[in-house]
Amino acid sequence: MEDGWKNCGFQIYRSLKRKDGTEPGKPQLLRSQSFTADTIRKASVQWYKMKWQLTGSANDLWGEEVQGYAVIDAKSPLQGPLEFFRPGKVNQIRVRFFNLSRGDDASDDFRCAFLKFGESESEGPLDLAFSTGRVSCYHSTASLQDFLTALDGDEDCTRDWALRMPNNYYALADGIRRYPKCRTELDYHNYATFTVKTENGNKLVRFRLHGKNDVGSRLSKQEQEEAWIIQRPDIELPMDTYLQQRLRDIAKENLSMKLQVQIRDENENVESVFDPSTEWEETDFPWHDLADIILSYSVPKVSTERAKYDFCSFPAHIEMVTPEGKDNFGSLVHIQEKVLTSSTRKKHKEGELPTGHKETTFLVHVETGNHLFSGTDAGVYIALYGTKGRTKKILLDKLFHNDFERGSKESYYITVPVIGDVKFLQVFLIGGKYTFKREWFLNNIVLMDLTTRKLFEVPVYRWINDKITIPTGEAMLLQKERNSDRKYIRQIWLDERSKIYPWCRQDGLPGCIDIETYDGLPVELKYSTERQIEKKKILADVLIKLKLHKYTTVFQSFDSFEDFKTMSEVVPSSETSNAIKESDRWRTDEEFGREFLAGVNPVMIRRCKEPIQKFPVTNDMVGGLLDRGKTLEEEMKAGHIYYVDYPHMAGIPRNGQLYVTDPIVMFYVRESGVLVPIAIQLSQEPGPNNPVWTANDSELDWLLAKMFVKATDSHYQSIYSHLVQTHFLMEAITLSMHRQLPPNHPLYKLLIQHCLFTVASGQMGRDLLVNGEDSVFSKILAIPGHECDLMRKRFKDFTVNELIMPRAFAERGVDDEKLLPNYHFRDDAMLIWNKLTEYVTKILSLFYKCDKDVADDTELQAFLTDLREHGLRKSAGPPNGLPDKFASLPELVEVTTMIIFHSSCYHAALNFTQLDYFSFGPNYPSCMRRMPPSEKGVTTMQDVIDSLPNKSIQAVCIAFSSYLSEPLSDERYLGDYQDSHFTETEVREILDWFSDEMEKISQSIHKRNLDLDIPYVYLLPERVPKAAGQ
Ligand SMILES: [Fe+2]
């Protein structure tokens, strides 16, 4: 043989039969009977059709199709009147590869191929059926029946069949291919004999599809000895993707094959010439190249399912020899061709789509996310649902292309029945579960109906693990939805989300998702891989630097404030952190006051309108510190006295070795407008051991009192203002949104970008900062194991008014810029808040035309109810302040603005300040290591130094401040709406307008900052991430 492979079938047959003790049989030739062709068509075809269907073989005619073209060879041996095989002629073709199989696609069996000339799914001018093996396993109707029975049985059944006669064994050894690497490398034979009119007269012809290397998957000598044993590959691949996957994976260039022919003269028309179980010896009848077969594109499954093959119609000048009788060799092939034709038509009928006779083509544009590992190796199928019908699952695939890689933008053409306007679509990932990368981050899909030129956008921006049903892009309120399927899909979507995101009841705290740790989060709520890697790297880098200096393992006090400065320099410094440390600015009252207006926790200060009973500051104590010549009471009334109070810290159990107090601080706004502290009481209850410290006391007494205040503020900031009031609240809001709003709800589209990674950051906060004995808070704060006590105590007093910034500032009495100047957090926050209100109003007004639209939106009301009763449910204290129902658009706008502001600005102001302030211990100690002072005039510098955190505590502080507040490279900032879920032109115009407005606000803040010693940069829109995802 030309490829060196040898069929040992006859030889093995003989040896096995001898071992059996039986005499080897001989090939039998059946003689023609006297049935006519008509009889064959009427009786046998129907019988065999039924038989094939019953054995299941016909059900496997449905494989994978590729399309391309055939170029007729310049030396075409079939030149003549037959235009079809004219040299140089290019024919569009499609080839279907499938198994004549009893197992799945990865088993070893007979491989088959259909070749269709012509590109369409309907009958072409010439269709040919091929199978592996140079000889057929059957040569008569009876042997075909035997073969199909054997194929459908177990291995013993096949063995019996193989040993029934030598030809059977020979054909079995010849035809089986063991899970070939690629179908296009195989040889496929057509067992029919055709007559073709050529310039040299009529010829008898047999066709084959010739692959480049058919040897690899043929049975070895050893395998031929037990050819009936079906072996599986080590890793079994799913039936419906194996072939497609293999074709795609190894195709680096166009797949090519040859269409070849054997030719003999017509006058050799003897019966055995038509015997499909007998090969035409190659030495006598060599194979001639007839055409180059170039395969370029995979055909969508829906098209494969609908393609019709007709093996009984031929171009002029080529025909199949009509058999003389049902047991005539030619009759067998004739029946086979009839059955195959019938089977593909049956499939066509089954695969026909439910509506429409007309077809249309969609251009499908698919954008994969750009995060690490966003791409998928799974087969991606889509099904479209329109106003007039739906399509079946359609494979999106380009044969010579690795589809859906990270960051890719791919286009596909799919031809489907007319389904009207697309209302929603389904995306399925099939295969890749065990052997390939399966999860896929899909950004969006854009569909264009090339007939109607209508565009349908489907923003997704989420991970897909299995399948997803998602409406087309336009935002729509449920009550305005006219399409019943879309209404149904919305409900299905929400039902699924409620199951995926169950509430965990945390008594006295905002609701969170019911999982143990971060690892249990659904993939679509987790951090992106880049984000996880980058955060780990930030932490590793800073820990390495700290370890190099042995800071993390030293439990000694610092020697001096300078020592603290040296340690703080292991992390990058900012203009703010440098200015604080420069010339001991941090020790001044002016800086202490400034930090309560523009520092790490600028949400605590309140106006003091009248004396505070528990904080008995008298005019005598502080009169000399007031520079307007008025009494303390007069200054209170005038709006120049402010205070910060930490009552919730009282009664929280302490560590025993670390200390934190529950102080009250009084501030005064000097005539110059500068805010300074004038009195401090370190505990809530006044008494002889709890004196009021003032700026009139010794410098060290006053400095130590201020340090104790900052240590308490560290606790409040870290545990409540930052973790609870941004992360936990946003986590609850995000969960309510996912559970109650479908992705085509306008509020979902508005909020989703502000909810990115918020559940992940909330859960990570619990895992890392709070839970367990090794938590960060237990290392740096003074109330280990009792952080949640503080959370609950403070959350008990929470109302949403704290989050509605104009009300929050007004309620704290700090909304007057003239009375309390330099409150940059307030000034910048209000600039953005007002613009956000305008922005939210503009967008929501497009969908809510009147207050009734708001009131009638049951999904919106369900969101509010879920948030009120689960997300922000309170077990004690005043109600959370959320309304029972959204009754008007302004109400909805206010809550929406609050959510966006909170996730972006509020979080930015508390998160990205941490490193600037917490990295230098003397200014912002996380805790104190000495009891609070109770006696004036005795504090020494050594007492102060020894009260501050030791090196180990400060090192952890620096490491985690860095981890929590270093900006990440994949962050998207306020005003950047490249990945908007809205598809409406009007909304996009509003987004552009909002981006311009943010730019203007940025310019005004930059301009203001020019006049400041320490610029306030944390609410510059270009530095405010859209979501509290860190
Ligand atoms: Fe944060």
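Up top is the structure.
Residues numbered from 1 in each chain as written. Predicted model: local features only at pLDDT ≥ 70, side-chain atom pairs only at ≥ 80, totals over all residues. Heavy atoms only, no water.

Asks: Would you explain unusual backbone geometry in this entry?
Replies: With the exception of glycine, the majority of residues adopt a negative phi angle, and the majority of peptide bonds are in the trans configuration. Despite not being glycine, Ser 583 shows a phi value in the positive range, around 50 degrees. Topologically, Ser 583 is positioned in the loop between α13 (575-581) and α14 (589-598). Given the relative accessible area of 71%, Ser 583 is considered exposed. Positive phi, close to 65 degrees, is recorded for Phe 757, a residue that is not glycine. Looking at where Phe 757 falls in the secondary structure, it is placed in the loop between α18 (746-751) and α19 (758-770). (Helix = DSSP H or I, 4+ residues; strand = E, 2+ residues; numbered from the N terminus. Buried < 20%, exposed > 50% of the residue type's maximum accessible area, 1.4 Å probe, protein only.)

Asks: Can you help me understand the environment of Arg 972 in this one?
Replies: For Arg 972, the position within the fold is in the loop between α29 (951-965) and α30 (985-1009). Arg 972 sits in the partly exposed class, given a relative accessible area of 31%. Arg 972 sits 55 residues away from Ala 1027 along the chain, and the two C-alpha atoms are 8.3 Å apart.

Asks: Please explain helix α4 (residues 155-162) as it appears in this structure.
Replies: Structural remark: α-helix, 3.6 residues per turn; residues separated by three or four positions point the same way. Along α4, the residues classified as buried are Thr 158, Trp 161 and Ala 162. Taken end-on, α4 shows its buried residues confined to a sector of 100 degrees, consistent with a single buried face. (Arc of directions from axis to C-beta.)

Asks: Which parts of the structure should I look at to understand the environment of Gln 532?
Replies: Among the structural elements, Gln 532 can be located in helix α11 (residues 529-548). Accessibility expressed as a relative area gives 25% for Gln 532, which makes it partly exposed. Setting aside anything within four residues of it in sequence, one finds Gln 532 in contact with Tyr 518 and Tyr 527. (Contact = heavy atoms within 4.5 Å.)

Asks: Where do I start with the packing of α14 against helix α17 (residues 699-740) in this structure?
Replies: For any two helices packed against each other, one specifies the crossing angle of their axes together with the interaxial distance. The interhelical angle for the contact between α14 and α17, taken along N-to-C directions, is 15 degrees, at an axis separation of 12 Å. One way to sum up the angle between α14 and α17 is to call them roughly parallel. Every pair of crossing elements has a handedness; the one defined by α14 and α17 is left-handed. When α14 is examined against α17, the residues Asp 589, Phe 592, Glu 595 and Phe 596 are found in contact with a partner set consisting of Trp 702, Lys 706, Val 709, Lys 710 and Asp 713. Residues of the contact of α14 with α17, tallied by class, amount to 4 nonpolar, no polar and 5 charged. (Axes fitted to C-alpha atoms, helices over the stretch in contact; angles between N-to-C directions. Parallel < 35°, antiparallel > 145°, perpendicular 65-115°, else oblique. Left-handed = near helix turned anticlockwise from the far one by under 90°. Nonpolar A, V, L, I, M, F, W, Y, C, P; charged D, E, K, R; others polar.)

Asks: Before we go on, may I ask you to explain the packing of aromatic side chains in this structure?
Replies: Ring pairs (aromatic) are described by centroid distance and by the angle formed between their planes. The full count for this structure, using the stated rule, is 30 aromatic pairs. Taking the centre distance of 5.5 Å and the plane angle of 80 degrees together, the rings of Trp 586 and Phe 920 count as edge-to-face. Remark: Phe 920 occurs in the loop between α27 (914-918) and α28 (941-947) and Trp 586 occurs in the loop between α13 and α14; sequence separation between them is 334 residues. Measuring from centroid to centroid gives 6.0 Å for Phe 809 and Phe 825, while their planes differ by 70 degrees, and the two rings are edge-to-face. Here Phe 825 lies in helix α23 (residues 824-847) and Phe 809 lies in helix α22 (residues 805-811), a separation of 16 residues in the sequence. The exposure class assigned to Phe 809 is buried, which follows from its relative accessible area of 1%. One aromatic cluster is present, built from ring pairs that chain together Phe 85, Phe 194 and Phe 207. When the ring centre of Tyr 924 is taken as origin, the NZ or CZ atom of Lys 710, which lies over that ring, is 4.5 Å away. (Phe/Tyr/Trp six-rings, centres within 6.5 Å; stacked < 30°, edge-to-face > 60°. Lys NZ or Arg CZ within 6 Å of the ring centre and 35° of its normal.)

Asks: Help me out: how do you make sense of the pattern of salt bridges in this one?
Replies: Pairing between side chains of opposite charge can happen when the charged atoms of each approach one another. Within this structure, the stated rule accounts for 45 salt bridges. Its salt-bridge partner being Glu 457, residue Arg 988 comes within 3.3 Å of it at the nearest N-O pair. With Arg 988 in helix α30 and Glu 457 in strand β18 (residues 454-464), this pair connects stretches of sequence that are 531 residues apart. The exposure class of Arg 988 is partly exposed, given its relative accessible area of 35%. Since its relative accessible area comes to 23%, Glu 457 is described here as partly exposed. Notably, a salt bridge pairs Asp 827 with Arg 826, separated by 2.9 Å at the nearest N-O pair. The class for Asp 827 is partly exposed, based on a relative accessible area of 21%. (Salt bridge = Lys/Arg side-chain N within 4 Å of Asp/Glu carboxyl O.)

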